[in-house]
Amino acid sequence: MSTSNQALANWVKDVAELTQADDIYWCNGSPAEEESFNRQLLEDGTYKRLNEETHPNCYLHLSDPRDVARVEHLTFICTNKKNDAGPNNHWMDPQQAHEKMDGLFKGCMKGRTLYVIPYCMGPIDSPISRCGVEITDSPYVVQNMRLMTRMGDEALRRIEREGDFVKGLHSTGELDPDRRFIMHFPEERVIKSYGSGYGGNALLGKKCHALRIASYQAKDEGWLAEHMLILGIKTPTGAQHYVAAAFPSACGKTNLAMLIPPQGYLQDGWEITTVGDDICWMRPGEDGRLWAINPEAGFFGVAPGTAKDTNPNALAMLYQDTIFTNVAQTADEQPWWEGLDDRVPAIDWQGRPYDPANGPAAHPNSRFTVSAKRCPSYSSASEDASGVPISAIIFGGRRASLVPLVNEARNWNHGVLMGATVASETTAAATGKVGVVRRDPMAMKPFCGYHFGDYWGHWVSMQDKADNLPKVFTVNWFRKDDNGGFMWPGFGENMRVLEWIIGRCQGTAEAHETAIGLMPKARDINTEDLDMDADVLEALLAVEVNGWQKENQSVADFLKEYGDRVPQELYQELKRSNQKLL
Ligand code: GTP
Ligand code: SPV
Ligand code: MN
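Residues numbered from 1 in each chain as written. Chains lettered and ligands numbered in written order. Predicted model: local features only at pLDDT ≥ 70, side-chain atom pairs only at ≥ 80, totals over all residues. Heavy atoms only, no water.

As annotated in an unreviewed UniProt entry, the chain is Phosphoenolpyruvate carboxykinase [GTP] from Marinicella pacifica. Entered under Sequence similarities (unreviewed entry) in the UniProt record, the comment concerning the chain runs "Belongs to the phosphoenolpyruvate carboxykinase [GTP] family." Among the UniProt annotations of the chain, the heading Subunit (unreviewed entry) holds the following wording: "Monomer." (UniProt positions renumbered as here; feature names shortened; annotations may be inferred.)

Next up, the structure:
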C-alpha cells in the first residue's frame, strides 16, 4: 500500500476485496499520469479526440443516454435518526443502506482497475480546506477529478499529516437506472455511489463531499458549505470586494462568476475576477467577517448557452485541455452546442447524424470540464490560504414573475428568510420535469446533508459567531414579459445590479424601504448605455402587493413542512413583511 495512513490503507484493501478489482492504482497527479490516462481513454473509445488544430488536448465523452444528470430521487442521506435528514432529503437507515450498497459493490470491479484518488478541496495549505479520497473504477472520473480538485501526492501528504479524510466509493456499475444509488453517511463522513458515471453523481468531491457531507460537518464546526459562486469586484477607487451568490443548478452561477462588465464600466476601471463558480466554504475570521474559499480547482460548466456574447470568458477557456461531455460536433470535429453560433452540427450528443427531429444536438445538461487556471478572469486570490472576505451574499432563482430584479434584506435574519424561501424553475441539471417552480432554499434543496430547519437555525446562529456578516440580497435575472421574452438583458449587464449592491455595502447607494425589503428606485440603477425602456425597469423594481401576499402565504405553508426545527426568527421576519403588505 502506498500510504502511511493505516485507516486509508485498510479501507482500500477492504474495498479491493469487496469489489474484487484486478488491480489497484494510486493516482499521483503528475502530468505523465494525465497523459497516460488520456491515451487509454482514447484507445478504449471512452474519449473521442476533437479537432486538434482548433482544440488541442480536448476530448469528447458521450455518456450512456440514461445517465445524463444528477438523480435526486436516488440520492439518500443516511443518518441514524430519520428526522435528522429532514423532509428535504430521502432517507435510508444507515445499516440497511450499507448492506444494499455492499451488495451492489460486491465483485463489481472484476476485470477492472480500482483507482485511488486522494484529493484536497481547497488550496493545499488552507486551514479551511478538507481532504477526501475517492475510489472509483472509472478512468473518466479520474480525469474529471484531476481537473476539478487538487488531487494526487500533495493531497495524500496532507491526509497523512492530518489523518482526517472523507471516504468516497464509486463504481459506474452497469449504468442501469434501477441499480443506481448515491448514498451519504454524514455521521461517518462516508459516500457510496453506484451506477452512474455522470457529474455530481460520480465526481464525489463535488456535490457529495463539498456540499452534502461538508454542510453537515460545517454545522458541527461553525462554518458554512454553500452552493455559491464567488466573484471579486474592484471599484474604480480600488476597493476590492468579494461577493458570494447562490443560484440553483443551471441558473447562472458560472455566468455571473465570469461576468465581463459593459464597456463604460471597463473604461471607468471596474474589474471582475472569478474565485469560484459553484461551491463556497465560508468561516468567520478574527475580524468578524466571513472568509471564503472555492474548494474546487476547475469548472464543470453547462455548455448550452455559452457563447461570445453571453460568457466570453468561459468560451475562451474551452479551446484547450478541456473534457466535453454530451455536446454535439461539427463536420470538422469541433465541439458544438445550442447557442454557440449559427453553424449546423453534423453529429449529435448520442453520436447520431444530426437531425433536428431528434431534439437538441447537445444534451441540455451537456458540460465542459476545465481547470480554473484556464479562465482569463481567474483571481489569484483563489489560491490564498486565508480565503477572501465576503461583502455580500446574493440569493437568486428563475422566476418568470413577481420576484424583483434586486432586493436587500432588512437584516441578517430577514436575509436568512429570503434565502430559505427562494423558489426557482427546475432545469435539466437533474433528471425530472423542467420548468416547475419549487422552493430551493439557498439553492441547496438537492445538496443539504441534513434537516433544513436545523440548517436555517445554523444560518441564523452565524450572528453569534461573526459580528461583521455580509449584507444579503436577492436577484432575479429571469423575469418574463407577456410574450415570454426576458425583461432584463442579463449576463454582462448584471454588472449594473452588482454596482448597486456594492454601493449598498459601501454606504453610497440609495434604497427605499418596501414591504419585502430595501430596494432601489429605477434612478438608483446605472442605466448609461443600456438599451431598455424605462417602464420595463420600473416593472422589474415594483412590489406587487397581491402577488406577495399570496407568495408569503405559500412561504408560511412551506416553512410549516419543516416543523418545530424552523427557527422562530424566520416566522418573525415573515410576520413583519406581512404587516407591511397590509
Ligand atoms: P450549475 O453548474 O448547474 O450549478 O449551473 P450554473 O448556476 O453555473 O448556471 P450557468 O451559469 O451555467 O447558466 C445556466 C444557463 O442559464 C445557461 O444556459 C445560461 O446561458 C443561462 N443564463 C445565465 N445567466 C443568465 C442571465 O443573466 N440571463 C439569462 N436570461 N440567462 C442566463
Ligand atoms: C449542479 O447540478 O448544480 C452542477 C452539476 O453543478 S453537477 O456536478 O452534476 O451537480
Ligand atoms: Mn451547481
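So that's the structure; there's more coming.
A. The arrangement of the sheet that holds strand 19 (residues 323-325) in detail. If you walk across this open sheet you meet the five strands as 2-3-19-22-18, and the pairing is mixed. Of all the strands in the sheet, the pair left with one neighbour each is strand 2 (48-49) and strand 18 (298-302). (Pairing = 2+ DSSP bridges. Helix = DSSP H or I, 4+ residues; strand = E, 2+ residues; numbered from the N terminus.)

B. Structural context of the sheet that holds strand 12 (residues 224-226). Overall, antiparallel pairing links the four strands, which are arranged 12-16-17-23 in an open sheet. Strand pairing shows two members of the sheet lacking a second neighbour, strand 12 and strand 23 (388-389), which therefore form its edges. Sheet topology note: the strand 12/strand 16 (residues 280-284) ladder contains three bridges and is antiparallel. Bridge pairing in strand 16 links E226 to C280. Together, strand 12 and strand 16 form the strand contacts of helix 8 (residues 205-221), whose direction differs from that of strand 12 by roughly 160 degrees. Along the sheet, helix 13 (residues 452-465) makes contact with strand 12, strand 16 and strand 17 (290-293), crossing strand 12 at roughly 130 degrees. (Contact = heavy atoms within 4.5 Å. Axes fitted to C-alpha atoms, helices over the stretch in contact; angles between N-to-C directions.)

C. Quick look at the site of ligand 1. Among the 22 residues in the neighbourhood of ligand 1, the closest are listed as A250, K253, T254, N255 and R367. D278 has a polar side-chain atom sitting 3.0 Å from an oxygen atom of ligand 1. Protein contact buries 91% of the 660 Å² of open area that ligand 1 shows by itself. Assessed atom by atom at 2 Å from the grid points, ligand 1 resides in the largest pocket. Only helix 9 (253-257) and strand 18 provide two or more residues apiece to the shell around ligand 1. Broken down by element, the residue count for the shell around ligand 1 peaks at three residues, all from helix 9. Looking at the shell around ligand 1, its residues break down into 10 nonpolar, eight polar and four charged. Two domains each donate at least three residues to the shell around ligand 1, and these are domain 2 (226-296 + 382-581) and domain 3 (298-374). (Near = heavy atom within 4 Å. Polar contact = N/O pair within 3.5 Å; in protein donor to acceptor, adjacent residues only side chain to side chain. Areas by Shrake-Rupley, 256 points an atom, 1.4 Å probe, with all protein chains shown as cover. 1 Å grid on protein atoms, 1.4 Å probe; cavity = no way out; pocket = protein on both sides within 12 Å on 5 of 7 lines; lining within 4 Å. Sits in = over half its atoms within 2 Å of the grid points. Nonpolar A, V, L, I, M, F, W, Y, C, P; charged D, E, K, R; others polar. Domains from an automatic or database assignment.)

D. Here's a closer look at the coordination of the manganese ion (ligand 3). Taken together, the protein ligands of the manganese ion (ligand 3) are K207 (NZ), H227 (NE2) and D278 (OD), with distances of 2.1 to 2.5 Å. With six donor atoms in place around the manganese ion (ligand 3) and angles of 65 to 174 degrees between them, the coordination shape is irregular. The motif formed by the donor residues of the manganese ion (ligand 3), counted along the single chain, is K-x19-H-x50-D. One end of the pair, K207, is in helix 8; the other, H227, is in the loop between strand 12 and strand 13 (229-234), with 20 residues separating them in the sequence. (Donors = N, O, S within 2.8 Å, 3.2 Å for Na, K, Ca; no water. Tetrahedral: all angles 85-135°; square planar, octahedral: opposite > 155°, others 65-115°.)

E. Seen up close, the packing of aromatic side chains. All chains considered together, the criterion is met by 24 aromatic pairs. When the centroid spacing of 5.2 Å and the interplanar angle of 70 degrees are considered together, the rings of W456 and Y562 count as edge-to-face. In this pair, W456 sits in helix 13 while Y562 sits in the loop between helix 16 (545-560) and helix 17 (568-581), placing the two residues 106 residues apart along the sequence. Y562 matches W456 in its accessibility class, with the two residues each being buried. The structure contains a cluster of three or more aromatic residues connected by ring pairs, namely Y216, Y450, F452, Y455, W456, F558 and Y562. Here R146 stacks its cationic end above the ring of F37, 5.4 Å away from the centre of that ring. When the ring centre of F478 is taken as reference, the NZ or CZ atom of R398 above it lies at 4.3 Å. (Phe/Tyr/Trp six-rings, centres within 6.5 Å; stacked < 30°, edge-to-face > 60°. Buried < 20%, exposed > 50% of the residue type's maximum accessible area, 1.4 Å probe, protein only. Lys NZ or Arg CZ within 6 Å of the ring centre and 35° of its normal.)

F. Seen up close, the pairing of strand 6 (residues 113-121). Burial of strand 6 is extensive: eight of the nine residues sit out of reach of the surface. For strand 1 (residues 23-26) and strand 6, the ladder comprises four bridges, and the chain directions are parallel. Considered in strand 6, the bridge of I24 is made with L114. Bridge count between strand 6 and strand 8 (residues 150-151): two bridges; the pairing is antiparallel. Residue pairing in the sheet places C120 in a bridge with R150 of strand 8.

G. Summary view of the layout of surface pockets. The computed volume of the largest pocket comes to approximately 930 Å³. Contributions of two or more residues to the lining of the largest pocket are made by helix 7 (199-202), helix 8, helix 9, strand 18 and strand 22 (367-371). Take the lining of the largest pocket: its biggest share by element is four residues, from helix 9. Partitioned by chemical class, the residues of the lining of the largest pocket number 20 nonpolar, 17 polar and nine charged. Roughly 520 Å³ of internal volume is contained in the second largest pocket. Taken together, 22 residues make up the lining of the second largest pocket; nearest its centre are R146, L147, T149, S371 and K373. Elements with a contribution of two residues or more to the lining of the second largest pocket: helix 2 (31-43), helix 5 (139-148), strand 8 and helix 6 (153-162). Here the residues of the lining of the second largest pocket are counted per class, giving six nonpolar, seven polar and nine charged. Each of domain 1 (6-47 + 75-222) and domain 3 (298-374) gives at least three residues to the lining of the second largest pocket. (Points joined across faces, edges and corners; volume = space filled by probe spheres on them.)

H. Broad picture of the UniProt feature "active site" (unreviewed entry) in the chain. UniProt's feature table lists "active site" (unreviewed entry) at C251, given in the numbering used throughout. Relative to the helices and strands, C251 resides in the loop between strand 14 (240-246) and helix 9. In this view, C251 contacts R398, S424, T427 and F478; residues no more than four positions away in its chain are not counted.

I. The environment of Q553, seen in detail. As for its placement among the helices and strands, Q553 is situated in helix 16. For Q553, a relative accessible area of 47% puts it in the partly exposed group.

J. Highlighting the site of ligand 2. All residues adjacent to ligand 2 are R70, G199, G200, K206, K207, H227, S249, D278, F300, R367, A429 and F447. In the environment of ligand 2, an oxygen atom lies 2.5 Å from a nitrogen or oxygen atom belonging to the side chain of K207. Notes on ligand 2: free accessible area 280 Å², of which the protein chains cover 98%. Elements supplying a minimum of two residues to the shell around ligand 2: helix 7 and helix 8. A per-class count over the shell around ligand 2 returns three nonpolar, four polar and five charged. For the shell around ligand 2, the domains that each give at least three residues are domain 1 (6-47 + 75-222) and domain 2 (226-296 + 382-581).

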